[in-house]
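Given next are the chains, with one letter for each unit.
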Amino acid sequence: MGLRRKNKSPPVLSHEFVIQNHADAVSCLAMGLLLGLMFEVTAKYVIIFITVQYNVTYTTDDKSEPIHFYEYGPKDIATIFFYMLIAIILHAVIQEYILDKINRRLHLSKTKHSKFNESGQLAFFYLFSFAWGTSILTAEEFMTNPTLLWKDYPHSRMFFQVKFFYVCQIAYWFHALPELYFQKIRKEDIPRQLYYICLYIAHICGAYVLNLQRLGLILLVPHYLVELIFHASRLFYFSDENKQKGFTLWALLFVMARLLTLTLSVLTFGFGLARVENPGFSIADGNFNVLTVRISCLAAICLTQAWMMWKFINFQLKKWREHIQNQIPKKKITYTKSKSTKKEPNRANFVNGAVKLEDGASPRTRKSKAL
């Protein structure tokens, strides 16, 4: 019997060591922040990382209950950092205990393995975010009354669920940047993933800072639903290539989501905010309702939607060409078969290499030309 080779552990602080143990290191850092709450000296500093900051309480009457609102500020960076650590830990848990076990059963190639992991992680996130965002929208009246998207702007005061939703969204998309290194993403896939990660960060942070949380929320929920259907369909496709009906539903909803985004954006920036009673620019009050900001926001949204539609059209054309190329070999095979089944000359009519006609006449001999 041959000796079994033991897997050598990578050197400490090497690239492979960091990749294999990054979840444990991040867990220790998050646990250290939580342990800081136990001591009075460190609790006042650690609390900034864990709880949502900038609480504002209002009371209308002495008998009524106080209403709690939240604003944003620089301390939110610490809170986003802590929940970015939580996102890295959850990413590693989903990868190890769910996706890796499914990958072992499917025996996918390296390319499909990378796409399966990407779709699996995003499907979990989109499902959770869609359910959370829908619950917030049902509690509010944004869907039934679109005028609330610009009425009483600036919306500098948020409820706890709205602010915590945005903090978690920003933290998740920031955590996706180091995950490109931790998950050993292929070089050819990094630019594509960087594009949509940076777009998410820019748009969500823009809506959060410019006090457009209502518009951002009502645009994110249907977009997450469309992306959820796409990545769920891709997961089913990797398990069975015959399951492609989900892509048809995704294509239909994708176009509808783009139209909804453009309609609400033009309605909010072009008509709603342009007619409010308090236009002006004030960082202290959180009021950014000036023409330059409105045009910039609307242009950014329109360009992003145009870019997404361009990628969508190219994707559909690519699939259409692949479908046509798969049909061409089948036509060639059927054509060659029909050609081979044509009536061949009867071998019985050949006698010693000479053709014998059916009437018994011999073929006309050609006169040889003298050289």
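Just above, that's the structure.
Quantities reported herein were computed from a predicted structural model and do not represent experimental measurements.

(A) Local environment of the overall build of the protein. Each helix and strand in the protein was counted, giving nine helices and six strands. By the burial criterion, 37% of the 371 residues in the protein qualify as buried. Here the protein displays about 24,900 Å² of accessible surface, and carbon together with sulfur accounts for 64% of that area.

(B) The arrangement of helix α8 (residues 245-272) in detail. With 28 residues, α8 ought to run about 40 Å at 1.5 Å a step, and its terminal C-alpha atoms sit 39 Å apart, in line with that. If you check which residues of α8 are buried, you get F247, W250, A251, F254, A257, R258, T261, L264, S265, T268, F269 and G272.

(C) Representation of the packing of helix α3 (residues 76-106) against helix α5 (residues 160-182) within the structure. One can describe the packing of α3 onto α5 by two numbers: an axis separation of 7 Å at closest approach and a directional angle of 60°. The orientation of α3 with respect to α5, classified from their angle, is oblique. In this structure, the crossing between α3 and α5 has a hand that is right-handed. Counted together, D76, T79, I80, Y83, M84, A87, I88 and H91 of α3 and K163, F164, V167, I170, A171, Y172, F174, H175, P178 and E179 of α5 form the full contact between these two elements. The residue makeup of the contact of α3 with α5, split by class, is 12 nonpolar, three polar and three charged.

(D) Local environment of the packing of aromatic side chains. Under the criterion given, the structure shown has 34 aromatic pairs. Measuring from centroid to centroid gives 6.5 Å for F49 and F81, while their planes differ by 70°, and the two rings are edge-to-face. Placement of F49 in helix α2 (residues 40-50) and of F81 in helix α3 is noted, with a sequence separation of 32 residues between them. On the numbers, 6.1 Å between centres and 70° between planes, the contact of F230 with F247 is edge-to-face. On the criterion of sequence distance, the pair formed by F230 in helix α7 (residues 213-239) and F247 in helix α8 is long-range, its members being 17 residues apart. Pair check on accessibility: F230 and F247 agree, each one buried. An aromatic cluster is present here, built from Y70, Y72, F82, Y83, F128, W132, F160, F164, F165, Y166 and Y208 joined pairwise through their rings.

(E) View of the side chain of E227. When you line up the elements, E227 lands in helix α7. Here E227 sits buried without a salt bridge, and the closest side chain of opposite charge, R258, lies 5.4 Å off (N-O distance). Once residues within four sequence positions are removed from consideration, E227 is found in contact with Y126, Y200 and F254.

The rules behind these values
- Residues numbered from 1 in each chain as written.
- Predicted model: local features only at pLDDT ≥ 70, side-chain atom pairs only at ≥ 80, totals over all residues.
- Heavy atoms only, no water.
- Helix = DSSP H or I, 4+ residues; strand = E, 2+ residues; numbered from the N terminus.
- Buried < 20%, exposed > 50% of the residue type's maximum accessible area, 1.4 Å probe, protein only.
- Areas by Shrake-Rupley, 256 points an atom, 1.4 Å probe, with all protein chains shown as cover.
- Expected span 1.5 Å × (residues − 1).
- Axes fitted to C-alpha atoms, helices over the stretch in contact; angles between N-to-C directions.
- Parallel < 35°, antiparallel > 145°, perpendicular 65-115°, else oblique.
- Left-handed = near helix turned anticlockwise from the far one by under 90°.
- Contact = heavy atoms within 4.5 Å.
- Nonpolar A, V, L, I, M, F, W, Y, C, P; charged D, E, K, R; others polar.
- Phe/Tyr/Trp six-rings, centres within 6.5 Å; stacked < 30°, edge-to-face > 60°.
- Lys, Arg positive; Asp, Glu negative; His and termini not counted.
- Salt bridge = Lys/Arg side-chain N within 4 Å of Asp/Glu carboxyl O.

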